[in-house]
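# Structure assessment
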Amino acid sequence: MGPLRSVVLAGGGSGGHVYPLLAFADCLRRHDPSVQITCLGTPRGLENELIPPKGYDLRLIPAHQLPRSVNMDLVRTPDRMFKAARAAGKIIDEVRADAVVGFGGYVSVPAYLAAWRREMPIVVHEVNVPPGVANRMGMKFTKHVAVGFPHQPNQAESLRDARVVGVPLRRSITGLDRAATREAARAHFGLRPDLPTVFVSGGSQGARSINLAVAGAAKELSRAGVQVLHAIGARNEPVSVPSDLPVPYVTLTYLSEMELGYAAADLMVCRGGAMTCAEVAAIGLPAVYVPYPHSNQEQKRNALPVVEAGGGLLVDDAELTPAWVEQVVVPLARDPQRLAAMGAAAAQYGRRDGDEALLDFVYEAVSR
């Protein structure tokens, strides 16, 4: 493998794009501290909060959502895209990039266009089925397509020839030893060290249906001796939990250090986002997946292979109620043998080397 002197990473808008980008950037830096890493983003994306604190160069370009119907935005799209691609191209030329690696989000499109015009190596990393709009466009310009999960090539024609590399994950996740850090993590949140623990999170923004169902079963969970760590999410109202519960029920608005929540937990209740599925499976944490219902069902497709491997349970959002939590989650949380078997199955399905495997793939693309 030859050295990479300069790489442009494109991905933004949501954590599902930015977190794997950052994990891959860390991998690049570990292998060669001298490599120049330039990240492309937009002024309004989550990348503005996440990338600069990690010490990476973030360049902002004008990127616009691609319209899905015939309207005035569609008429304006070619001009907007030309300006965005020109801005991306100037950055690519300035840093003398050897390759562009895209993780999706609308900022990726001008990066793909600019790299294609320069006949540069382009690598697209995709975690969803069907692929996002930006990455579908990127796939028209390159054959170097990587995916995060083994089920993806079988479920989308455009991904049939993609390389399964896994999802680049933060080292704080892939290096996590849950058993060794469980007691300290529980102490950090004010949880008891000796009780079964359920970690609830609907993602950074939260999930109202999950919040209401689990909080509504707080008394039943407490009576069964099951404590709860509940990340409500930044966009959700505080949940109503009785103050006189005999065991802890800890609520947080947001948890940036998810590894602490994972370490504290015996079982997780969560959505089925690609990053969540990848992280939870990689560390062998059993989970009850509640896929987001108002979409094209990609979250259900993300979670189903882990569940089929024995690493979790799947419940429709509409079926998740306090009664369901009492009937299913409570006995599961109190069954250490079943949890251990589910955790082992999840770990066997998951992988912790997505960053390294993607780096090998990028080197291949550049060497060709």
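Let us look at the structure shown here.

Now for the overall build of the protein. Of the regular secondary structure elements, the protein holds 16 helices and 13 strands. Relative to the 2.2 N^0.38 estimate, which gives 21 Å for 368 residues, the radius of gyration of the protein is 21 Å and therefore close to what a compact globule would have. Put simply, the protein has 368 residues, and 55% of those count as buried. As presented, the protein carries roughly 16400 Å² of accessible surface, and 50% of it is formed by carbon and sulfur atoms. A distance of 5 Å separates the average location of the 38 positive side-chain charges in the protein from that of its 36 negative side-chain charges.

A few words now on the environment of alanine 187. Residue placement: alanine 187 occurs in helix H8 (residues 178-189). A relative accessible area of 55% means that alanine 187 is categorised as exposed. Note: C-alpha distance between alanine 187 and aspartate 360 (173 residues apart in sequence) is 39 Å.

All right, on to the pattern of salt bridges then. What the rule picks out here adds up to 18 salt bridges. The closest approach of N and O atoms between arginine 30 and glutamate 356, which form a salt bridge, is 3.3 Å. With a gap of 326 residues between them, arginine 30 in helix H1 (residues 15-31) and glutamate 356 in helix H16 (residues 354-367) connect regions that are remote in the sequence. Notably, a salt bridge pairs aspartate 93 with arginine 118, separated by 2.8 Å at the nearest N-O pair. Pair noted here: aspartate 93 is in helix H3 (residues 72-95) and arginine 118 is in the loop between helix H4 (108-117) and strand S5 (122-126), with a separation of 25 residues, a long-range link.

Attention now moves to the sheet that holds strand S10 (residues 249-252). Backbone hydrogen bonds are what pair the strands of a sheet, in a parallel or an antiparallel way. The strand order across the open sheet formed by 6 strands is S10-S9-S8-S11-S12-S13, and the pairing between neighbours is parallel. Each of the sheet's edge strands pairs with one partner strand only, and the pair in question is S10 and strand S13 (312-314). Pairs of neighbouring strands in the sheet enclose a mean axial angle of 15°, with direction left out of account. Sheet topology places strand S8 (residues 197-201) next to strand S9 (residues 227-231); 5 bridges connect them, and they run parallel. Paired with valine 198 across the strands is valine 228, a residue of S9.

Considering soluble globular proteins, one finds that nonpolar side chains tend to be buried as a cluster. The biggest cluster of nonpolar side chains holds 38 residues, and the ones touching the most others in it are Leu9, Phe24, Leu28, Ile37, Ile51, Val101 and Leu358. Contributing elements (two or more residues each) for this core: strand S1 (6-10), H1, strand S2 (36-41), helix H12 (274-282) and H16. For this core, the element with the most residues is H1, which contributes 8 residues.

Here the focus is the sheet that holds strand S6 (residues 145-147). In spatial order, the strands read S3-S2-S1-S4-S5-S6-S7; together these 7 strands make up an open sheet with parallel pairing. In the strand order of this sheet, the two ends are held by strand S3 (57-60) and strand S7 (163-164), each with one partner. The pairing of S1 with S2 spans 5 bridges and is parallel. Across the sheet, leucine 9 pairs through a bridge with cysteine 39, a residue of S2. Against the sheet, H4 touches S1, S2, strand S4 (99-102) and S5, its axis set at about 155° to S5. Where H16 meets the sheet, its contacts fall on S4, S5, S6 and S7, and the angle it forms with S5 comes to roughly 150°.

The next thing to look at is the pairing of S4. By the alternation rule, side chains of S4 split into Ala99 and Val101 and Val100 and Gly102, which are all buried. Here S1 pairs with S4 via 4 bridges, running parallel. Following the sheet pairing, valine 8 is matched in S4 by valine 100. In the sheet, S4 pairs with S5 via 3 bridges, with the strands oriented parallel. Considered in S5, the bridge of valine 100 is made with isoleucine 122.

Time to look at unusual backbone geometry. Valine 129 connects to proline 130 through a cis peptide bond whose omega is -5°. Position of proline 130 relative to the elements: it lies in the loop between S5 and helix H5 (133-138). For arginine 96, which is not a glycine, the phi torsion comes out positive at approximately 55°. Take arginine 96: it is sitting in the loop between H3 and S4. Relative accessible area serves as the criterion here: at 70%, arginine 96 is assigned to the exposed category. Its identity is not glycine, yet glutamate 119 carries a phi of approximately 55°, on the positive side. Along the chain, glutamate 119 falls in the loop between H4 and S5.

Quick notes on the rules
Residues numbered from 1 in each chain as written. Predicted model: local features only at pLDDT ≥ 70, side-chain atom pairs only at ≥ 80, totals over all residues. Heavy atoms only, no water. Helix = DSSP H or I, 4+ residues; strand = E, 2+ residues; numbered from the N terminus. Rg over C-alpha atoms; globule rule 2.2 N^0.38 Å. Buried < 20%, exposed > 50% of the residue type's maximum accessible area, 1.4 Å probe, protein only. Areas by Shrake-Rupley, 256 points an atom, 1.4 Å probe, with all protein chains shown as cover. Lys, Arg positive; Asp, Glu negative; His and termini not counted. Charge placed at Lys NZ, Arg CZ, Asp CG, Glu CD. Salt bridge = Lys/Arg side-chain N within 4 Å of Asp/Glu carboxyl O. Pairing = 2+ DSSP bridges. Axes fitted to C-alpha atoms, helices over the stretch in contact; angles between N-to-C directions. Core = buried A, V, L, I, M, F, W, Y, C linked by side-chain atoms within 4.5 Å. Contact = heavy atoms within 4.5 Å.

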